[in-house]
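Chain by chain, the residues run as shown.
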Amino acid sequence: MDKTEIPGANLRNLPQVDKVIRHPLVQAIQDKIHPDILARLARRELAFFREEIIKGGAAPSIETAAQAVADGVSQLLAGSVQRVINGTGVILNTNLGRAPLPMSAVERLNQTLPGYCSLEIDLATGKRGERTSHLELLLSLLTGCQSAIVVNNNAAAVMLSVSALASGKEVVVSRGELIEIGGSFRLPDVITSAGGILKEVGTTNRTRVDDYRNAISANTGLLLRCHRSNYEIRGFTEQPKLAELAALAEEVSIPFIEDLGSGAVIDLAGFGLKDEPTVPDVIQAGADAVLFSGDKLLGGLQSGIIAGKRSVVERLKRH
């Protein structure tokens, strides 16, 4: 037989879907799953076998195919997200769910989410409410902000900020802060995807407030500073103080936003950890808004939080 005929011959030996489903191994678990879903799983497993045959593999026996379908059902019912032990030494591990939720939060979710809840209804008036109202008071007490909004993740917070405040305009950023974070999110790409025009200032290791001042033009829409939370530049370095950038932004009437990334809300030095700028410090220094993750140092679920002055946050809400 010619070698080119072998895959075709093996494909003819691939078990049929209905025969696989009627096999005792599959029949034993058929009451655990809807028949339509079972059939789709069987076709999916047979498609994998078909690909292997085309690559030169042998056709599976009906027992092998049935076992693959039964295993697929078991894995589906078990779920893909499972409890694991973190032995990495990294407390906030991106791959392992980041921040574990405290039991008090889990218990509150168990009390609220099995039924209906007051997510977007004002219980005092009976009228439609605003879902972010549940968070604004808490975040204002925690950070000192006037208003806040929560989005999918911190990259989304950057994208929303640029899109709402500087679409078609220049976003001024230090060259030493053009970072890449997990998931291959690169700050320059996020800015341009949101419609902003990236305008780099300073150098990799040294940027001064005058670099920002000299870069401002009639088409500048945003001053952006990004905290380098996952790497350091040491030695001959310089960067402007938060208060200096906030004063410049107020002087020229251009929003100034600080992207803190991990988003510390308390001083970590007291726990023997490296000191990080905190969200309250950034807000107190005069930034119009600060962006940070909800699932890292804050210890909550995946989210990106934008907290700051009411006038700026309202523009983002309306966008």
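What counts, and at which threshold
- Residues numbered from 1 in each chain as written.
- Predicted model: local features only at pLDDT ≥ 70, side-chain atom pairs only at ≥ 80, totals over all residues.
- Heavy atoms only, no water.
- Buried < 20%, exposed > 50% of the residue type's maximum accessible area, 1.4 Å probe, protein only.
- Helix = DSSP H or I, 4+ residues; strand = E, 2+ residues; numbered from the N terminus.
- Pairing = 2+ DSSP bridges.
- Phe/Tyr/Trp six-rings, centres within 6.5 Å; stacked < 30°, edge-to-face > 60°.
- Lys NZ or Arg CZ within 6 Å of the ring centre and 35° of its normal.
- Contact = heavy atoms within 4.5 Å.
- Axes fitted to C-alpha atoms, helices over the stretch in contact; angles between N-to-C directions.
- Parallel < 35°, antiparallel > 145°, perpendicular 65-115°, else oblique.
- Left-handed = near helix turned anticlockwise from the far one by under 90°.
- Nonpolar A, V, L, I, M, F, W, Y, C, P; charged D, E, K, R; others polar.
- Salt bridge = Lys/Arg side-chain N within 4 Å of Asp/Glu carboxyl O.
- 1 Å grid on protein atoms, 1.4 Å probe; cavity = no way out; pocket = protein on both sides within 12 Å on 5 of 7 lines; lining within 4 Å.
- Points joined across faces, edges and corners; volume = space filled by probe spheres on them.
- Patch = residues over 30% accessible without salt bridge, like charges linked within 9 Å, V, L, I, M, F, W, Y side chains within 5 Å.
- Areas by Shrake-Rupley, 256 points an atom, 1.4 Å probe, with all protein chains shown as cover.

1. Topic: the pairing of strand S2 (residues 170–174)
Among the 5 residues of S2, 5 are classified as buried, and the element is accordingly described as predominantly covered. Residue alternation in S2 divides its side chains into two sets, Glu170, Val172 and Ser174 and Val171 and Val173, and both sets are buried. Of the strand pairs in this sheet, S2 and strand S5 (residues 197–201) are connected by 5 bridges, and their pairing is parallel. The partner of Glu170 across the bridge, within S5, is Ile197. Direction of pairing for S2 relative to strand S6 (residues 220–226): parallel, over a ladder of 3 bridges.

2. A few points about the packing of aromatic side chains
The tally for this structure, following the rule as stated, stands at 0 aromatic pairs. A cation sits over an aromatic face here: Arg206 above Phe236, 3.9 Å from the ring centre.

3. Some thoughts on the pairing of strand S9 (residues 304–308)
Buried residues dominate S9, accounting for 5 of its 5 residues. The alternating pattern of S9 places Gly304, Ile306 and Gly308 and Ile305 and Ala307 on opposite faces, both of which are buried. Sheet analysis places strand S1 (residues 147–151) next to S9, joined by 5 bridges and oriented antiparallel. Paired with Val151 across the two strands is Gly304, which belongs to S9. Relative to S9, strand S8 (residues 289–293) runs antiparallel, the two sharing 5 bridges. Its bridge partner being in S9, Ala289 is matched across the sheet by Gly308.

4. A look at the side chain of Asn153
The topology assignment puts Asn153 in the loop between S1 and helix H8 (154–166). When near neighbours in sequence (up to four residues on either side) are disregarded, Asn153 contacts Gln302, Ser303 and Gly304.

5. Quick word on the packing of helix H4 (residues 35–54) against helix H5 (residues 62–78)
The interhelical angle for the contact between H4 and H5, taken along N-to-C directions, is 125°, at an axis separation of 9 Å. With respect to H5, the element H4 is oriented oblique. The crossing of H4 and H5 is right-handed. Taken together, the residues of H5 that come into contact with H4 (itself represented by Ile37, Leu38, Leu41, Ala42, Glu45, Leu46 and Phe49) are Thr64, Ala65, Ala68, Val69, Gly72, Val73 and Leu76. Residues belonging to the contact of H4 with H5 are distributed by class as follows: 11 nonpolar, 2 polar and 1 charged.

6. Topic: the sheet that holds strand S7 (residues 256–261)
Note on sheets: strands pair through backbone hydrogen bonds, and any given pair is parallel or antiparallel. The strand order S1-S9-S8-S7-S6-S2-S5 describes an open sheet built from 7 strands, whose pairing is mixed. At either margin of the open sheet sits one strand with a lone partner, and together these are S1 and S5. Each strand of the sheet is rotated relative to its neighbour by a mean of 25°, with strand direction disregarded. Bridge count for S7 against S8 is 4 bridges, and the pairing is parallel. If you follow Asp259 over to S8, its bridge partner there is Leu291. With respect to the sheet, helix H13 (residues 310–318) is in contact with S1, S8 and S9, its orientation differing from that of S1 by roughly 30°.

7. Some points on the pattern of salt bridges
Two side chains carrying opposite charge are able to pair once their charged atoms lie near each other. Applying the stated rule across the entire model yields 16 salt bridges. The partner of Glu52 in a salt bridge is Lys55, and the shortest N-O contact between them spans 3.9 Å. We classify Glu52 as partly exposed; its relative accessible area is 43%. Owing to a relative accessible area of 66%, Lys55 belongs among the exposed residues under this scheme. The closest approach of N and O atoms between Lys199 and Glu170, which form a salt bridge, is 3.5 Å. Taken as a pair, Lys199 in strand S5 and Glu170 in strand S2 lie far apart in primary sequence, 29 residues in all. By relative accessible area, Glu170 is classed as buried at 13%. The network of salt bridges with shared partners includes Glu120, Arg128 and Arg131.

8. Section: empty space enclosed by the protein
Evaluated as defined, the whole model comprises 1 cavity of 30 Å³ or more. Here the largest cavity defines a volume of roughly 60 Å³. Residue composition of the lining of the largest cavity, grouped by class: 1 nonpolar, 8 polar and 4 charged.

9. Focus: a nonpolar patch on the surface
A cluster of nonpolar side chains, contributed by Ile91, Leu92 and Leu297, occupies part of the molecular surface with about 270 Å² of accessible area. If you trace the backbone, Ile91 turns up in the loop between H5 and helix H6 (103–112). By relative accessible area, which is 71% here, Ile91 ends up exposed.

Any link to function would need more than the numbers given here.
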